[in-house]
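# Tertiary structure, described
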Amino acid sequence: MDASQLNVALNKVFSEHNTRIVFWNDPEGEFAQSLPALALNDVQLLRLDEVSVLEVKLRLERDDPAGRYLLYLPEE
């Protein structure tokens, strides 16, 4: 799957279902190289392997409770 297909699929999930948070587990890390090429509409990408759990919790619940996020984890 290339970056344009990923963009279409992820934007569809966020827009059609009015989704606020999407968890993306990528156990083999096969999509890690595609992340910089994503162009998601008003969605912030947070890599859970680079950001502390506490920081994610505070951002989602206190700092930006209406924001939309893609939470990516290159693990199971």
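For the structure, see preceding data.
Summary of the structure given here.

Moving on: the overall build of the chain. Regarding its fold elements, the chain presents two helices and three strands. In summary, the chain has a C-alpha radius of gyration of 12 Å against a globular reference of 11 Å for 76 residues, a match within 12%. Overall, the chain is about 35 × 25 × 20 Å in size when its C-alpha atoms are taken along their principal axes. Residues classed as buried in the chain amount to 34% of the 76 residues present. Across the chain, contacts joining residues at least 24 apart in sequence account for 74% of those joining residues at least 6 apart. Approximately 5,100 Å² of the chain is accessible, and the part contributed by carbon and sulfur atoms is 50%.

Before going further, it helps to examine the packing of aromatic side chains. The geometry of two aromatic rings is summed up by the distance between their centres and the angle between their planes. Under the defined criterion, the tally for this structure stands at two aromatic pairs. On the basis of an interplanar angle of 50 degrees and a centroid distance of 5.5 Å, the ring pair of tryptophan 24 and phenylalanine 31 is categorised as tilted. Assessed through its relative accessible area of 18%, phenylalanine 31 is described here as buried. Seen from their ring centres, tryptophan 24 and tyrosine 72 are 5.2 Å apart, and the 85 degrees between their planes marks the pair as edge-to-face. Taken together, the residues tryptophan 24 in strand β1 (residues 21-25) and tyrosine 72 in strand β3 (residues 68-73) connect sequence positions 48 residues apart. Here the aromatic cluster, defined as three or more aromatic residues joined through ring pairs, consists of Trp24, Phe31 and Tyr72.

A one-sided burial pattern is seen for β1, the buried positions being Val22 and Trp24 and the unburied ones Ile21, Phe23 and Asn25. In this sheet, β3 lies alongside β1 in parallel orientation, the contact comprising five bridges. Each residue of the ladder has a partner; that of valine 22, found in β3, is leucine 70.

With that settled, the discussion passes to the sheet that holds β3. In spatial order, the strands read β1-β3-β2; together these three strands make up an open sheet with parallel pairing. Looking along the sheet, the strands with just one partner apiece sit at the ends: β1 and β2 (43-47). If you compare each strand with its neighbour and ignore which way they point, the axes differ by 20 degrees on average. Its contacts with the sheet place helix α2 (residues 53-63) against β1, β2 and β3, and it is angled at close to 165 degrees to β3.

For aspartate 26, the location among the structural elements is in the loop between β1 and β2. Although aspartate 26 is buried, it makes no salt bridge; arginine 47 carries the closest opposite charge, 7.8 Å away. Ignoring anything within four residues of it in the chain, the contact list for aspartate 26 reads Phe31, Ala32, Tyr72, Leu73, Pro74 and Glu75.

Okay, the pairing of β2 next. Pairing analysis gives five bridges linking β2 to β3, with the strands arranged parallel. Looking at β3, one finds that leucine 45 is bridged to leucine 70. Considered for its hand, the β-α-β crossover made up of β2, α2 and β3 is right-handed.

Rules of the game
Residues numbered from 1 in each chain as written. Predicted model: local features only at pLDDT ≥ 70, side-chain atom pairs only at ≥ 80, totals over all residues. Heavy atoms only, no water. Helix = DSSP H or I, 4+ residues; strand = E, 2+ residues; numbered from the N terminus. Rg over C-alpha atoms; globule rule 2.2 N^0.38 Å. Buried < 20%, exposed > 50% of the residue type's maximum accessible area, 1.4 Å probe, protein only. Contact = heavy atoms within 4.5 Å. Areas by Shrake-Rupley, 256 points an atom, 1.4 Å probe, with all protein chains shown as cover. Phe/Tyr/Trp six-rings, centres within 6.5 Å; stacked < 30°, edge-to-face > 60°. Pairing = 2+ DSSP bridges. Axes fitted to C-alpha atoms, helices over the stretch in contact; angles between N-to-C directions. Lys, Arg positive; Asp, Glu negative; His and termini not counted. Salt bridge = Lys/Arg side-chain N within 4 Å of Asp/Glu carboxyl O. Right-handed = clockwise from strand over helix to strand, strands pointing away.

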